[in-house]
Amino acid sequence: MDILSNAGHQWLEQQYLRWRDNPDSVSDDLRAFFTGFEIAEAATTGSGDLDLAQKHAGVELLIQRYRELGHLQACTDPLTPCPTGHPALALENFGLGPEDMEKTFHPRDFAPGGGTLRQIIEKLRATYCRTVGVEFMHIQDPEQRAWLRQRMEESGNSLPLGPEEKLAILNKLQEAALFEIFLHKKFLGQKRFSLEGGETMIPLLEELTRAGADQGVCDLVLGMAHRGRLNVLANIFGKPLANMFAEFTDNVELAFVGEGDVKYHKGFSCDRDFGNGKVVHMSIASNPSHLEAVDPVVIGKCRARHTNHGPGGRKKVLPILIHGDAAFAGQGMVAETLNLSQIDGYQVGGTIHVVLNNQIGFTTSPQHARSTPYATDVAKMLMVPIFHVHGEDPEAAAFVARLAIEYRQRFGRDVIIEIICYRRQGHNEGDDPSFTQPLMYEKIRQRPPVHEVYSERLAAEGIDPDVIRAQADAINARLEEALSGETRPVHVGYKGKWSNIQRHYEPVEITTGVPEPVLRKLAMRITSIPKSFNAHPKVARLLENRRKMVEQGTGLDWGAAEALAFATLLSEGTPVRLSGQDCRRGTFNHRHAVLIDNKTGQLFVPHGFISPTQAPIQVYNSMLSENAVLGFEYGYSLEMPEGLTIWEAQFGDFANGAQVIIDQFISSSGSKWDRTSGLVMFLPHGYEGQGAEHSSARVERYLQLCADHNLQVVYPSTPAQFFHLLRRQMKVPWRRPLIVFTPKSMLRHPDCRSSLEDLSKGRFREVIDDGGPERPVRTGLICSGKIYFELLARKREEERDDVAIIRIEQLYPLRRDLLRHALQRYSRVETWAWVQEEPANGGPWSYIRPQLADLLGGDPTYVGRPATAATAAGSHRQHVREQKKLISKAFSL
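Read on for a plain summary of the structure.

## Quick look at the packing of helix 5 (residues 142–155) against helix 15 (residues 394–411)
Reasoning step 1: Across the interface, helix 5 lies against helix 15 with an axial gap of 12 Å and an inter-helix angle of 155 degrees. When the axis of helix 5 is compared with that of helix 15, the two are roughly antiparallel. When the axes of helix 5 and helix 15 are compared, the crossing they make is right-handed. The segment helix 5 lies against helix 15, with E143, Q144, W147, L148, R151, M152 and S155 engaging F399, L403, E406, Y407, R410 and F411.
Reasoning step 2: Taken together, the residues of the contact of helix 5 with helix 15 sort by class into 7 nonpolar, 2 polar and 4 charged.

## Remarks on unusual backbone geometry
Reasoning step 1: Omega for the peptide link from Y812 to P813 comes to -10 degrees, which places this bond in the cis form.
Reasoning step 2: Along the chain, the position of P813 falls in the loop between strand 22 (810–812) and helix 29 (816–824).
Reasoning step 3: Positive phi is not limited to glycine here, since N276 has a value of about 55 degrees.
Reasoning step 4: Along the chain, the position of N276 falls in the loop between strand 5 (268–273) and strand 6 (279–284).
Reasoning step 5: Residue classification places N276 among the exposed positions, given a relative accessible area of 77%.
Reasoning step 6: Here the phi dihedral of Q359 falls at roughly 65 degrees; this positive angle occurs in a residue that is not glycine.
Reasoning step 7: With respect to the secondary-structure elements, Q359 resides in the loop between strand 8 (352–357) and strand 9 (386–390).
Reasoning step 8: Judged by its relative accessible area of 16%, Q359 is buried.

## Description of the packing of aromatic side chains
Reasoning step 1: Under the defined criterion, the tally for this structure stands at 25 aromatic pairs.
Reasoning step 2: Note on Y346 and Y620: the rings are 6.3 Å apart at their centroids and 55 degrees apart in plane angle, and the pair reads as tilted. Here Y346, found in the loop between helix 14 (332–340) and strand 8, pairs with Y620, found in strand 14 (residues 617–621); they are 274 residues apart in sequence, far enough to count as distant. Taken as a pair, Y346 and Y620 share a single burial class, namely buried.

## Remarks on the pairing of strand 6
Reasoning step 1: The pairing of strand 4 (residues 219–223) with strand 6 spans 4 bridges and is classified as parallel. Its bridge partner lying in strand 6, V221 is registered against S283.
Reasoning step 2: Note that strand 5 and strand 6 share 6 bridges and pair antiparallel. Each bridged residue has a counterpart across the sheet, and for C270 the counterpart in strand 6 is M282.
Reasoning step 3: The hairpin turn running from strand 5 into strand 6, its antiparallel successor, is 5 residues long, and G275 in that turn takes a positive phi close to 85 degrees.

## Side note on the environment of L886
Reasoning step 1: Along the chain, L886 turns up in helix 31 (residues 876–890).
Reasoning step 2: Relative accessible area serves as the criterion here: at 3%, L886 is assigned to the buried category.
Reasoning step 3: Not counting residues within four places of it along the chain, the set of residues in contact with L886 comprises I787, V835, Q836, E837, V863, G864 and R865.

## Considerations on the nonpolar core
Generally speaking, a soluble globular protein has its nonpolar side chains buried in company with each other.
Reasoning step 1: By size, the foremost hydrophobic cluster in this structure holds 106 residues, and its most contacted members are M201, I352 and F387.
Reasoning step 2: The element contributing the most residues to this core is helix 15, with 11 residues.
Reasoning step 3: Excluding residues that lie within four positions of it along the chain, I352 makes contacts with L208, L318, P319, I320, L321, A404, I405, R408, V415 and I417.
Reasoning step 4: Formed by 70 residues, the second largest nonpolar core is a distinct cluster that contains C302, L340, A628 and A649.

What counts, and where the lines are drawn
Residues numbered from 1 in each chain as written. Predicted model: local features only at pLDDT ≥ 70, side-chain atom pairs only at ≥ 80, totals over all residues. Heavy atoms only, no water. Axes fitted to C-alpha atoms, helices over the stretch in contact; angles between N-to-C directions. Helix = DSSP H or I, 4+ residues; strand = E, 2+ residues; numbered from the N terminus. Parallel < 35°, antiparallel > 145°, perpendicular 65-115°, else oblique. Left-handed = near helix turned anticlockwise from the far one by under 90°. Contact = heavy atoms within 4.5 Å. Nonpolar A, V, L, I, M, F, W, Y, C, P; charged D, E, K, R; others polar. Buried < 20%, exposed > 50% of the residue type's maximum accessible area, 1.4 Å probe, protein only. Phe/Tyr/Trp six-rings, centres within 6.5 Å; stacked < 30°, edge-to-face > 60°. Pairing = 2+ DSSP bridges. Core = buried A, V, L, I, M, F, W, Y, C linked by side-chain atoms within 4.5 Å.

This is the structure we're talking about:
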């Protein structure tokens, strides 16, 4: 046998002793061999039949090989003849031959028990080599492997179904197929991204929802791209057909809110009643054309729903993600989302991934789209089961769906289901796929539709063809009726928790101060460490200094203001969630929201011990990625409008790794899908000579995205401003994403401090004027953020009372009324200038210039770096020289 061909007797004996001591300490092959050998030895004691013992061991190894490699011999591709065998499964590899076929063997841990070799092989082929191929032996957890093995081998990976159940499966197939045919006839040439060829996905999804309901699921969130989306909306979610047809006729009044979106991007939700009190709230998340971008959004939504459900929430909320084969293998977002699945703070109790493998990506064939045998191979990183299902066997799909739900509910892990099918039309209905895949599409042209294949199968099993036809006639009648029927209003955005949230934006001046006695009490709570806790001396000193700041009422730094903002919100019942790379400590060592015991490694979260009635706080260091994590937090914020949800970039510039989430979701979801968010983004920003990647948070990019009050873009200059800003985010009656450019060096700048009184009184100020008595001012400097303190230092140094400095703290929506009032105080100004440390093609300049020109009656003078290709100089010396030059220019106008 292969396993023993190069093995010495001494080595083999050592492995055998190891196996006897701990079976899991040797490889799967050796474990199977030793198991079979001992069984045979026990059965033949005294006979001296070593050959029989070796054959028993060979049978054990053969079973092991089928479990590992049977999927390679499975019949799962409707466009390819079924495999007739695989050399790795040939009998001679296991010391067996045709003469052993009728011999009886008793393998251990084989669900059907003993039997002849022929019976054992027939059972193995029925289980692993029919229309379901399974990869599960890479799973390292013995309990999970054993559980799957038992379920599959006992059932033969098939489902005993009665005539009614089979007709129900056929009905979903017919709904899927006839829906596409109807759309093709009635709306010829319109894009719909047809499901034709992959209709088996509809009965699969139906079985997943029903099995989920049986297993305690009451909340389901689905994410998918455009392929088959309309079919899923109609036949799984029950979106009114009349409404869908109205979208095809471009009934704008019904279909769109704001700019709206194409019909195959829209979300929807419904409640489905499966009887016996089993009601599942189902929602399909809105998505852009960017394949897989919606994946982490769905996971974030589910995590928030877990929280809302309380204990046991993970088993009540089921995430399902539908992928294309090319996207699953090609998009990095897939690997990032998979990686979240077992990370504390992002777990959702397992996601069901359905890969609709139509064996083509637009016009690209699989051999040009991936380097792996299967489109699903990336998922092996999780050590979860992967099922490959023949796209024309809906009964196999139904079995796998039930098994997947049962596994997910038991082990809390992901499951991958790949439906291997084809795409009957082109990428869209206007494409001719025979240009690029002529051979493949000739095969497809010759294949009957899936529902007809299954109908013939049922008729051959004795089901009355008239019943089958009657089902189809009823479906066609419903479609025709809906075409001329009345539409029903469907509102996606402001329901449930959002029903009390104001849809439109308006500037609101809300007092966000907190009484000083309350602040002092909270400061004591969040700076206290249990006596038994061994905090790092420097961290203990930081907390002690923070407490002294509050006690003395002066010198509060950025970290103290943030900590107090969180504490006040928590004490008022507002949940707080913060995640990002290194955010527990803070990139710049200023936060320390989670403490670690120096001797035990135990964690302590001071904000978690404010009061027994406080809201929960979550602070999680994320994986080293921006894209999926920001998408997750955006999804979380959609389900938690009553909570403060924050994502922090390690450096502001790193957010460009999540540009798709920013562009396609955060900035535009309100306009496209009537779904806005209260997500907060902390983006460290400031020019301090650290080079291009650690200077600019790309202020200009966020301002370029601003329109219709879709975002709040803020560059606060003081700890008190930051305190009031965070509290304002939860006190206003509406929700909009809040982009905050946060400090780095200013975290410890002696001038960047606030008093306790600043926190206890007032509110966030969108525009801040120097104030003071009227004086003859000849030069007016307008700026935002960190540069203010450098201008202030020069003004003090030169005693320039003739210079006024106005800070624009909220760049968008710009409070033109407040800015106009500030400008009018200085009627004698000879020169107005906009000052920024960013280059001219970055920062707020391009955005603010026309605004100021309108208010001032002409362009202000620009003071800043010239336009550059890179955002900042790599040389610290050059940075200092440039910074001095622009400050000097501002004071020499």
